[in-house]
Amino acid sequence: MSSKPVSVKSVASASSGRSEASPAVGLPIIPGRKSTVSSATVGRYMVLTAFLFYCVLPAAWIIAAMTKDNGQIFTTFGLWFSYPFHVFENLSGLVTYQDWIFVRWFGNSLIMPDLFLSAAH
Amino acid sequence: MRRYRKTAFLFLAPFLVVFLAFYLAPVCYALYLSLFVRKRIGIGPPKEVFGGLANYIRAVQDTDFLNGLKNMFVFGVVQVPIMLGLAILLALLLHQSRGFFMKVCRTAFFMPYGIPTAIGAMVWGYLYSANLSPFNQILRALHEGTIDFLSPAIVLFSIANIVTWTWTGYNMITLFAALQNIPQDLYEAARVDGAKTWDIVRRIQIPLLLPTLKILFIFSVIGTSQLFTEAFVLRPLGYLADNITPNLYLYLTAARDANYSYAGALAILLALLIFVISGPFLRRVASR
């Protein structure tokens, strides 16, 4: 990775003759040292951002799908919302499904750790 | 010394009882079951009779099982290095970052690990399925044709992608924590000696990450051998071979074919294989 600082600030200070050593690109960043945007930093942000998108991709699809009805889910682009929204009918469909069984499940999950905790005390 | 031994066992008892009842006992039962074969004697329904090592001999000649093992090895050789390599890279990059962006990344990378495996696999199943896949929607828009992510030639890689998605963040967080235990003095000394970023990565960070990395490697190898949920969840969505992973094959042998003794033999063989592979490695790591 290149360690050449390319920020205008550091170039300017170098040309003005001030004896400022070029910031060592060591690890970790020493607090108080002026940070410069090097190509290494740009690369780092790009890799981290790419992986960030990869990690949230399935969650993003789910959130987008939440706004769709059965037809829209096939006909519209999966990773974006589509109009008209069906969020509220989807959510009410979820909680009222089979006599509120989802709420029952959710309640069971809340009760379980509670039981273990009270048994431990 | 003698007096304390009794006390020690008393304290160990809660663990030992549960360990014996729910761990060793089922293994012994599987071992016992695996020694029987189903045979038809005269007229009437087949009976379970003692068959010695017949199931084991059948297992080592069973091409379906052996191909399942081959899939497992391919998976381990391809997926584990990619996942651990990515985890190292991301941990090193995240260690150089500060502030809000670093916190967002740290949380987001770890999030897939918090999602139950079955649910993660289901969502990826949607992303793979021919009619829903946003990847295929993009490819169609570009007139590039579509990819069937669940076709026999690709599905192992599709599963590898789910596993990578789930576990890279977990491995990354573990390495990230190990990086923060490296004393600052080492960095300062290296910088005084004129070390560049790459020197610090290669001569300080990677060597000090090695013990953690070895443990993660063993966990990954063991995880590869236990691959089941992702394949099981994707099964109804497309054509997946019964022996895509050895664990799925032995589950189907037991649950679908009701051949418990053969499934027991397969399970014992698989456990022995993992023990042989990871045992010596684990001992070497522990002795350091």
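Residues numbered from 1 in each chain as written. Chains lettered and ligands numbered in written order. Predicted model: local features only at pLDDT ≥ 70, side-chain atom pairs only at ≥ 80, totals over all residues. Heavy atoms only, no water.

**Student:** Please clarify how the overall build of chain A should be interpreted in this entry.
**Tutor:** Each helix and strand in chain A was counted, giving four helices and zero strands. Mapped in sequence order, the helices and strands of chain A form the string α-α-α-α. Across the 121 residues in chain A, those meeting the buried criterion constitute 24%. For chain A, the proportion of contacts with a sequence separation of at least 24, taken over those separated by at least 6, is 23%. By element, 70% of the accessible surface of chain A is carried by carbon and sulfur atoms, the whole surface being about 8700 Å². (Helix = DSSP H or I, 4+ residues; strand = E, 2+ residues; numbered from the N terminus. Buried < 20%, exposed > 50% of the residue type's maximum accessible area, 1.4 Å probe, protein only. Contact = heavy atoms within 4.5 Å. Areas by Shrake-Rupley, 256 points an atom, 1.4 Å probe, with all protein chains shown as cover.)

**Student:** Just checking my understanding: could you explain the nonpolar core for this structure?
**Tutor:** Generally speaking, a soluble globular protein has its nonpolar side chains buried in company with each other. Residues A:Leu48, B:Leu94, B:Phe109, B:Met172 and B:Leu175 are the most contacted members of the largest nonpolar core, which totals 32 residues. Taken together, the elements giving at least two residues each to this core come down to α2 (39-65) of chain A together with α3 (63-96), α4 (99-114), α7 (155-180), α8 (184-192) and α9 (197-225) of chain B. With 10 residues, α3(B) is the single largest residue contributor to this core. The residues touching A:Leu48, leaving out its near neighbours within four places in the chain, are B:Leu90, B:Leu93, B:Leu94, B:Ser97, B:Phe101, B:Cys105 and B:Phe109. Grouped together as the second largest cluster of nonpolar side chains are 28 residues, B:Ile159, B:Val163, B:Trp165 and B:Ile244 included. (Core = buried A, V, L, I, M, F, W, Y, C linked by side-chain atoms within 4.5 Å.)

**Student:** Where do I start with α7(B) in this structure?
**Tutor:** Residues three or four positions apart in an α-helix share a direction because the helix packs 3.6 residues into each turn. A rise of 1.5 Å per residue sets the reference length of α7(B), with its 26 residues, at 38 Å; its end C-alpha atoms lie 38 Å apart and thus fit the reference within 8%. When the local axis directions of α7(B) are compared, the greatest deviation, roughly 35 degrees, occurs at B:Trp167. (Expected span 1.5 Å × (residues − 1). Bend = angle between axes of the 7 residues up to and from the residue.)

**Student:** Looking at this structure, I do not really get the packing of aromatic side chains. What am I missing?
**Tutor:** Each aromatic ring pair is summarised here by two numbers: the centre-to-centre distance and the angle between the ring planes. The final tally for this structure, using the stated rule, is 24 aromatic pairs over all chains. With a centroid separation of 5.9 Å and 75 degrees between ring planes, the pair formed by B:Trp124 and B:Trp165 is classed as edge-to-face. With B:Trp124 in helix α5 (residues 117-128) and B:Trp165 in helix α7, the pair connects residues that are 41 residues apart, well separated along the chain. B:Trp165 carries the same exposure label as B:Trp124, and that label is buried. Plain terms: the ring middles of B:Phe232 and B:Tyr251 are 5.2 Å apart, the flat faces sit at 80 degrees to each other, and that makes the pair edge-to-face. With B:Phe232 in helix α10 (residues 229-234) and B:Tyr251 in helix α11 (residues 246-255), the pair connects residues that are 19 residues apart, well separated along the chain. The structure contains a cluster of three or more aromatic residues connected by ring pairs, namely A:Phe51, A:Tyr54, B:Phe109, B:Trp124, B:Tyr128, B:Phe135, B:Phe149 and B:Trp165. The residue whose ring lies beneath B:Arg58 is B:Tyr262, and the NZ or CZ to ring-centre distance is 3.7 Å. (Phe/Tyr/Trp six-rings, centres within 6.5 Å; stacked < 30°, edge-to-face > 60°. Lys NZ or Arg CZ within 6 Å of the ring centre and 35° of its normal.)

**Student:** Is there a simple way to think about the interface of chain B and chain A in this case?
**Tutor:** For interface size, the figure often reported is the accessible area lost on association. Counting from both sides, the interface comprises 37 residues of chain B and, opposite them, 29 residues of chain A. Between chain B and chain A, roughly 3200 Å² of surface is buried when both sides are summed, and carbon and sulfur atoms account for 75% of that area. Three residues stand out in chain B for area buried against chain A, namely B:Gln96, B:Phe101 and B:Arg191, and they jointly supply 19% of the buried area on that side. Our enumeration of links across chain B and chain A arrives at zero salt bridges. Seen at the junction of chain B and chain A, the total is six residue pairs in polar contact (both at pLDDT 80 or more). (Buried area = accessible area lost by both parts, 1.4 Å probe. Salt bridge = Lys/Arg side-chain N within 4 Å of Asp/Glu carboxyl O. Polar contact = N/O pair within 3.5 Å; in protein donor to acceptor, adjacent residues only side chain to side chain.)

**Student:** It is not clear to me how a nonpolar patch on the surface should be interpreted in this structure. Could you clarify?
**Tutor:** A surface patch of nonpolar side chains, amounting to about 990 Å² of accessible area, comprises A:Ile62, A:Ile63, A:Phe77, A:Trp80, A:Phe81, A:Tyr83, A:Phe85, B:Ile138 and B:Leu142. Tracing the chain through its elements places A:Phe77 in the loop between α3 (72-75) and α4 (87-120). Among the residues examined, A:Phe77 registers a relative accessible area of 35% and is labelled partly exposed. (Patch = residues over 30% accessible without salt bridge, like charges linked within 9 Å, V, L, I, M, F, W, Y side chains within 5 Å.)

**Student:** Would you take a moment to explain the confidence of the model for chain A for this structure?
**Tutor:** A low pLDDT score tells you not to read the predicted coordinates there in detail. All names here are of chain A. With 68% of its residues at a pLDDT of 70 or more, chain A shows a mean pLDDT of 74. The secondary structure element of chain A with the lowest average pLDDT is helix α1 (residues 8-15), at 40, and the one with the highest is α2, at 92. Long-range and interchain partners of residues 1-26, a stretch whose pLDDT sits below 50, account for 27 contacts in this model, where long-range means more than four residues apart. (pLDDT = per-residue confidence, 0-100.)

**Student:** Sorry if this is basic, but what is going on with unusual backbone geometry here?
**Tutor:** Leaving glycine aside, a negative phi is the common case for residues, and trans is the common case for peptide bonds. Even without glycine at this site, A:Asp99 takes up a positive phi of about 55 degrees. Within the secondary structure, A:Asp99 is located in helix α4. Using a relative accessible area of 72% as the deciding quantity, one classes A:Asp99 as exposed. In this structure, B:His143 takes a positive phi of about 55 degrees despite not being glycine. By the element assignment, B:His143 lies in the loop between α6 (134-141) and α7.

**Student:** Mind showing me how you'd approach empty space enclosed by the protein here?
**Tutor:** Any empty space left between the atoms is revealed when a probe the size of a water molecule rolls over them. Residues and elements named next belong to chain B. Overall, the coordinates contain two cavities of 30 Å³ or more when judged by the stated rule. By volume, the largest cavity amounts to about 50 Å³. Along its surface, the largest cavity is lined by Val74, Phe75, Val78, Gln79, Leu156, Phe157 and Ala160. Take the lining of the largest cavity: its biggest share by element is four residues, from α3. Class assignment for the residues of the lining of the largest cavity results in six nonpolar, one polar and no charged. No other element matches α3, which puts three residues into the lining of the second largest cavity. (1 Å grid on protein atoms, 1.4 Å probe; cavity = no way out; pocket = protein on both sides within 12 Å on 5 of 7 lines; lining within 4 Å. Points joined across faces, edges and corners; volume = space filled by probe spheres on them. Nonpolar A, V, L, I, M, F, W, Y, C, P; charged D, E, K, R; others polar.)

**Student:** When you look at the layout of surface pockets in this model, what are you seeing that I'm missing?
**Tutor:** Looking at the largest pocket, its volume works out to about 960 Å³. Forming the boundary of the largest pocket are 22 residues, of which A:Ile62, A:Ala65, A:Met66, A:Leu94 and B:Tyr126 lie nearest the centre. Among the elements of the structure, α2, α3 and α4 of chain A together with α5 of chain B are those that each provide at least two residues to the lining of the largest pocket. Per-element tally for the lining of the largest pocket: the top contributor is α4(A), with seven residues. Of the residues that constitute the lining of the largest pocket, the class distribution is 17 nonpolar, three polar and two charged. In this structure, the second largest pocket encloses a volume near 690 Å³. Lining of the second largest pocket is provided by 20 residues; of these, B:Tyr23, B:Gln226, B:Ala267, B:Leu270 and B:Ala271 occupy positions nearest its centre. Elements with a minimum of two residues in the lining of the second largest pocket: α1 (2-33), α9, α11 and α12 (260-287) of chain B.

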